[in-house]
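# Structural overview for review
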Amino acid sequence: MSKGIWDSVHIVEVRESASHTNLAEYKLLASVRMHVETSDSSKTETELGSLITRQAEARCNRGKKAVGDEMHLMQIGRMIEEKEIEIRQSLDSLYVAKQREVLHACRSLDGPDPAPAAKKP
């Protein structure tokens, strides 16, 4: 890989329940943009780009010990990490694997360059 970009944006909504003081609802919208450029010694260049958006929701009972914003930060951080891992695995298993399959099929259709015919005396 000669160049790569991983850019992510996360939007989180937190709602604390009015009736249950210890209950909070979290909604996460995660968008990831990935762009990869590769080149090899045979001057072949390949680019792969993708934009993926995923959503997640969670409810958390903060308990009596957790007060303030610390529990919110822990919950939000965990949600973001889990979602980014899921997106990365999805990109690797679906997009990158499919790209390899397509490139391999294209290269096998081209076949190797025929060797120059040897001259007979």
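### Topic: the overall build of the protein
- When its secondary structure is counted, the protein shows 1 helix and 3 strands.
- Relative to its full complement of 121 residues, the protein shows a buried share of 21%.
- Nonlocal contacts in the protein, meaning residues at least 24 apart in sequence, comprise 62% of its contacts between residues at least 6 apart.

### Focus on the pattern of salt bridges
- Taken as a whole and assessed by the stated rule, the structure comprises 3 salt bridges.
- With its nearest N and O atoms 3.3 Å apart, the salt bridge here joins Arg59 to Glu25. Of the two residues, Arg59 sits in strand S3 (residues 45–61) while Glu25 sits in strand S2 (residues 23–39), which places them 34 residues apart along the sequence.

### Some remarks on a nonpolar patch on the surface
- On the surface, Val9, Ile11 and Leu29 cluster together into a nonpolar patch covering about 250 Å² of accessible area.
- As for its position among the elements, Val9 is in strand S1 (residues 3–16).
- Judged by its relative accessible area of 48%, Val9 falls in the partly exposed class.

### Section: the nonpolar core
- Residues Ala30, Val32, Met34, Val36, Leu48, Ile52, Ile87, Leu91 and Val96 constitute the largest nonpolar core, which totals 9 residues.
- When contributions to this core are tallied by element, the ones reaching two or more residues are S2, S3 and helix H1 (70–110).
- For this core, the leading source of residues is S2, giving 4 residues.
- Counting 8 residues, the second largest nonpolar core, distinct from the first, contains Tyr26, Leu28, Ala56 and Met79.

### Quick notes on the confidence of the model for the protein
- For the protein, per-residue confidence averages 80 on the pLDDT scale, and 83% of positions sit at 70 or higher.
- Within the protein, no element has a lower average pLDDT than H1, which sits at 83, and none a higher one than S1, at 92.

### Focus on the sheet that holds S3
- The 3 strands lie next to each other as S1-S2-S3, forming an open sheet whose pairing is antiparallel. The open sheet has two edge strands with one neighbour each: S1 and S3. Taken over all neighbouring pairs, the strand axes of this sheet differ in orientation by 10° on average, direction set aside.
- The pairing of S1 with S2 spans 14 bridges and is classified as antiparallel. Counterpart to Ile5 in the pairing with S2 is His35.

Cut-offs applied
- Residues numbered from 1 in each chain as written.
- Predicted model: local features only at pLDDT ≥ 70, side-chain atom pairs only at ≥ 80, totals over all residues.
- Heavy atoms only, no water.
- Helix = DSSP H or I, 4+ residues; strand = E, 2+ residues; numbered from the N terminus.
- Buried < 20%, exposed > 50% of the residue type's maximum accessible area, 1.4 Å probe, protein only.
- Contact = heavy atoms within 4.5 Å.
- Salt bridge = Lys/Arg side-chain N within 4 Å of Asp/Glu carboxyl O.
- Patch = residues over 30% accessible without salt bridge, like charges linked within 9 Å, V, L, I, M, F, W, Y side chains within 5 Å.
- Areas by Shrake-Rupley, 256 points an atom, 1.4 Å probe, with all protein chains shown as cover.
- Core = buried A, V, L, I, M, F, W, Y, C linked by side-chain atoms within 4.5 Å.
- pLDDT = per-residue confidence, 0-100.
- Pairing = 2+ DSSP bridges.
- Axes fitted to C-alpha atoms, helices over the stretch in contact; angles between N-to-C directions.

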